[in-house]
Amino acid sequence: MERFVFVLLVFLCYSSSRFTSDAYDPIDPNGNITINWDFQVFNVKDMSPYTVMVSIHNYQMYRHIEHPGWRLSWNWTGKEVIWNTVGAEATEQGDCSGVGAANARPHCCQRRPVMVDLPPSTPYNRQVANCCRGGVLSSLVQNNLTSTAAFQMVVGEFALATDSDGNKEPEKPWHFDIGVPGYTCSNATTVAPTRNKVDKNRYEQVLLTWQVTCSYSQYRASGVPSCCVSMSTFYSDTIVDCPRCSCACQGSPTSPQCVSVDQPRTPALPASSDDEPAAPIVWCSEHMCPVRVHWHVKVNYRQYWRVKVTVSNYNLVKNYSDWNLVLQHPNLRSLTQLFSFNYKPLVEYGSFNDTGMFWGLRFYNEMLLQDGNVQTEMILEKQSDFTYSGGWAFPRRVYFNGHQCVMPPADQYPRLPNGASALRGSLIAGHCLLLLFFFALV
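The sections below set out a description of the structure shown in this document. (Residues numbered from 1 in each chain as written. Predicted model: local features only at pLDDT ≥ 70, side-chain atom pairs only at ≥ 80, totals over all residues. Heavy atoms only, no water.)

## Notes on the overall build of the protein chain
The number of helices and strands found in the protein chain is three helices and 30 strands. Across the 442 residues in the protein chain, those meeting the buried criterion constitute 42%. Taking as baseline every contact in the protein chain between residues at least 6 positions apart, the subset at least 24 positions apart corresponds to 70%. Accessible surface for the protein chain amounts to roughly 23,700 Å². Of this, 54% is attributable to carbon and sulfur atoms. (Helix = DSSP H or I, 4+ residues; strand = E, 2+ residues; numbered from the N terminus. Buried < 20%, exposed > 50% of the residue type's maximum accessible area, 1.4 Å probe, protein only. Contact = heavy atoms within 4.5 Å. Areas by Shrake-Rupley, 256 points an atom, 1.4 Å probe, with all protein chains shown as cover.)

Given below as structure tokens:
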């Protein structure tokens, strides 16, 4: 009985730690999406419609919102209607038969409106600052200028509520949703009014601000991984492929449709719509992942070593725009030279830096095309803890577009031919042969 209780406690501790670690991201502990509801025009006495600026801020270091973009929704508490919007629009008008006149009908009368961003081609008179990018939000590291979206709306027919200080304000909407898998949003809370800088010396403040915070969980987004990692080295003929069934098992009910390599590609593959992306169609493989990241230890130098990283798109119906890659390795603090990618360290505590974010160069390789790949090489300086033994030369974790990739088991990593001493001996022998060859020429 005691043994059973001990095993049960171990299982419960493991399960709780697993879900806790999923909710907390050590790479980006403060990352979230924050929604500000800023009152610009509001008069309690005459109960006229109020004007509000809604802004969506992506404060995540490496996760971004890609096409088809965000779809912000909420539940009204009373009988509110949206009279007008600029920078976004509601997907449905709803039943407005009891509101307004024939020549002045509200923009949306639904109890739960769904707001979507407008496209970049929107006329200027329907735009506000930071709107009209089709719902796409950049990550904070890749481009902080396009990590915010905003729209303005005029709301009427609202009811008033009294806060803890006795002040009257409109009743808060509830059940917010950003419309992107994996995100859960809090209730709206009253915070300090937003201040905006209008020129060098002046700030202007809104009348009232509500705030909503949305956090991300990969477990809630999808229980199925979307990428995997393979490995190879110059000192071993073994190529360690992605683990079998990393993302799905070929032929299983949950597996995406796949196309054999020797089979001609279907001429008319389904394309994604404006609202929903097309279901993935991938090359048939043992791992069945839409994306594979390959880490190759390429060259060994006396004081440096060289790594080649290749990201391959196995998804035949999707281009990954503004993709990013996050790698965790203790030697990243000594990254000396990088080719073809942008780079920024993510986790820095003094001299400690083992996590970096990589993304493509603008107008060159920021788009990972269908059935294509992007690749880089990096040169890293060897530190005192450097070794090729025990799998030290391979990454600890790999993320693609914010999703953690499946790694091969550690006992399958490429091994040294005869241990570390054998590698050092072969390198010394190689240097000796080069010296002998040089003296023979002389």
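## Considerations on the packing of aromatic side chains
Considering all chains together, one arrives at 27 aromatic pairs under this definition. Ring centres 6.1 Å apart and planes at 85 degrees place the aromatic pair W37 and F176 in the edge-to-face group. Taken together, the residues W37 in strand β1 (residues 33–41) and F176 in strand β10 (residues 174–177) connect sequence positions 139 residues apart. On the basis of relative accessible area, W37 is assigned to the buried category, the value being 2%. (Phe/Tyr/Trp six-rings, centres within 6.5 Å; stacked < 30°, edge-to-face > 60°.)

## Notes on the environment of E80
Residue position: E80 is located in the loop between β3 (71–75) and β4 (81–86). When the C-alpha positions of E80 and E171 are compared, they lie 9.8 Å apart, and in sequence the two are 91 residues distant. For E80, the residues in contact, after removing those within four places along its chain, are R111, V155, G156, E157, F158, A159 and E171. In this structure the side chain of E80 is engaged in a polar contact, spanning 3.0 Å, whose partner is the backbone nitrogen of G78. (Polar contact = N/O pair within 3.5 Å; in protein donor to acceptor, adjacent residues only side chain to side chain.)

## A look at the sheet that holds strand β6 (residues 114–117)
Read from one edge to the other, the open sheet built from four strands follows the order β5-β6-β3-β10, with strand pairing classed as antiparallel. Strand pairing shows two members of the sheet lacking a second neighbour, β5 (88–90) and β10, which therefore form its edges. Neighbouring strand axes in the sheet, compared pairwise and without regard to direction, differ in orientation by 20 degrees on average. When β3 meets β6, the two strands line up antiparallel, connected through three bridges. Across the sheet, residue L72 finds its bridge partner in β6, namely M115. (Pairing = 2+ DSSP bridges. Axes fitted to C-alpha atoms, helices over the stretch in contact; angles between N-to-C directions.)

## Notes on the pairing of strand β7 (residues 148–156)
In regular strands, side chains alternate between the two faces of the sheet. Along β7, seven of the nine residues are buried, which leaves the element largely enclosed by surrounding structure. Pairing of strand β2 (residues 50–58) with β7, which is carried by eight bridges, proceeds in the antiparallel orientation. Paired with V54 across the strands is F151, a residue of β7. Judged from the five bridges that link them, β4 and β7 form a sheet pairing that is antiparallel. Note on β7: the bridge partner recorded for V81 is G156.

## A word on the pairing of strand β28 (residues 373–381)
Both strand β21 (residues 304–313) and β28 contribute to a ladder of nine bridges, which runs antiparallel. By the bridge assignment, T310 is partnered in β28 with Q375. Bridging between strand β24 (residues 335–338) and β28 involves three bridges; their strand directions are antiparallel. Note on β28: the bridge partner recorded for Q337 is I379.

It is worth stressing that arrangement in space is one thing and function is another; only the former is reported here.
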